[in-house]
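Structure at a glance
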Amino acid sequence: MSIDFKGISLRVGATFFFTLMVLFIKWLSDEIPVGQVVFFRSAFALIPLVLFLMWTRDFPSGLSTKRPGGHVARCFLGCLAMFASFASLKYLPLSHASIIGYMAPILAVVLAGFLLKESVSAARWFGVLFGFLGMLVLVLPTASSADVDVTYLTGVGLALAMAILTAGAKIQIRSLALTENAGAIAFYFALTCTLAGLATLPFDWATPSWNQLGLLVCTGFAGGIAHIMMTLSYQYSEISKLAAFEYLALVFAVIADALFFDILPGPAFYAAAACIICATLVVALKDKAPKPSTA
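First, a word on scope: everything that follows refers to the structure included in this document. (Residues numbered from 1 in each chain as written. Predicted model: local features only at pLDDT ≥ 70, side-chain atom pairs only at ≥ 80, totals over all residues. Heavy atoms only, no water.)

The final tally for this structure, using the stated rule, is two cavities of 30 Å³ or more. What lines the largest cavity is a set of 36 residues, and nearest its centre among them are Phe18, Met21, Met162, Thr166 and Met230. Listed by contribution, the elements that provide at least two residues to the lining of the largest cavity are α1 (2-28), α4 (68-88), α5 (94-101), α6 (103-115), α8 (150-177), α10 (210-236) and α12 (248-260). Among the residues forming the lining of the largest cavity, the class breakdown is 21 nonpolar, ten polar and five charged. (1 Å grid on protein atoms, 1.4 Å probe; cavity = no way out; pocket = protein on both sides within 12 Å on 5 of 7 lines; lining within 4 Å. Points joined across faces, edges and corners; volume = space filled by probe spheres on them. Helix = DSSP H or I, 4+ residues; strand = E, 2+ residues; numbered from the N terminus. Nonpolar A, V, L, I, M, F, W, Y, C, P; charged D, E, K, R; others polar.)

All right, on to the packing of aromatic side chains then. The tally for this structure, following the rule as stated, stands at nine aromatic pairs. Pairing Phe40 with Phe44 gives two aromatic rings, centres 5.9 Å apart and planes at 5°, and the pair type is stacked. In textbook terms, an aromatic cluster arises when at least three aromatic residues are bridged by ring pairs, as seen for Phe39, Phe40, Phe44, Trp205 and Phe221. In this arrangement the basic side chain of Arg74 is found over the ring face of Phe189, its NZ or CZ atom lying 3.9 Å from the centre. (Phe/Tyr/Trp six-rings, centres within 6.5 Å; stacked < 30°, edge-to-face > 60°. Lys NZ or Arg CZ within 6 Å of the ring centre and 35° of its normal.)

Time to look at the packing of α4 against helix α9 (residues 182-198). As a packed pair, α4 and α9 sit with axes 9 Å apart at the nearest point and diverge in direction by 55°. Relative to α9, the element α4 is oriented oblique. The chirality of how α4 crosses α9 is right-handed. Contact residues: His71, Arg74, Cys75, Gly78, Cys79, Met82 and Phe83 in α4; Ala184, Ile185, Tyr188, Phe189, Thr192, Cys193, Ala196 and Gly197 in α9. (Axes fitted to C-alpha atoms, helices over the stretch in contact; angles between N-to-C directions. Parallel < 35°, antiparallel > 145°, perpendicular 65-115°, else oblique. Left-handed = near helix turned anticlockwise from the far one by under 90°. Contact = heavy atoms within 4.5 Å.)

Further remarks concern α9. Across its 17 residues, α9 extends 25 Å between first and last C-alpha, which sits within 8% of the 24 Å expected from 1.5 Å per residue. Among the residues of α9, Ala182, Gly183, Ala184, Ile185, Ala186, Phe187, Phe189, Ala190, Cys193, Thr194 and Gly197 are the ones counted as buried. Check the buried side of α9 and you find it contacts α2 (34-43), α3 (46-55), α4, α8 and α10. (Expected span 1.5 Å × (residues − 1). Buried < 20%, exposed > 50% of the residue type's maximum accessible area, 1.4 Å probe, protein only.)

The biggest cluster of nonpolar side chains holds 38 residues, and the ones touching the most others in it are Phe86, Leu92, Leu94 and Ile99. For Leu94, the residues in contact, after removing those within four places along its chain, are Val22, Leu23, Lys26, Leu89, Ala253, Ala256 and Asp257. Core analysis: the next-biggest nonpolar cluster, separate from the first, contains 14 residues, Leu46, Phe52, Leu53 and Ala182 among them. (Core = buried A, V, L, I, M, F, W, Y, C linked by side-chain atoms within 4.5 Å.)

So this is what it looks like as structure tokens:
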């Protein structure tokens, strides 16, 4: 029980800081290019990551690894997911980007079954199908309208790509967390995204105001803290046990949309949220996949 409590507590904390980071990025999305946001989010995330490693007395020794290939795969998937996620916020309300992104934990549960050799139960298949139905409930009213909103559909495509890439990254994190230092996993990811964001410097970076600069720095700190807590949570609990707690961010996103952007979600949003939350709860609470038999 204590192990599950630690994992859940860390995941809830990670969700809070992640939502805070996304709110900052939403404020910046119309004026600061995506690559520049990725750079600041990642570069300043290195500060809490290094402090965490120093606190645990794992710096620099904790950065050593016997699985460089696993880190490369995790960083590649995660970096692409970050670019897609930040870009989607330019086109979608915060709550819509969040609900589509929540396909990621459902996909991750099933991918864990295939890639981590876990049994795939009926509950997990139900989660995927019902979660996908929820996304369609949200997207189809706009896609089938007489005047198709290309901007909205662009955001949906980016958010869906982010969900798929994030699911793959979560599997790599879960696999790496069993043997690798949590701070090292987060450090190499932040370093990779810093370099990727910096590579976009020749392509239209903006000169931020002091307020924008402050938001960019806070984005990095919030992202670094969220990443440490998320990675640590996977050391204490399975992906399927933590998936349901990610939906706390959905509540935060709806509140943020209402308070800061004067956007109230329509009936389709609530129907989609009900489908996806139901799917994740079934996977997290009703999954009774049989243990593999030993010969």
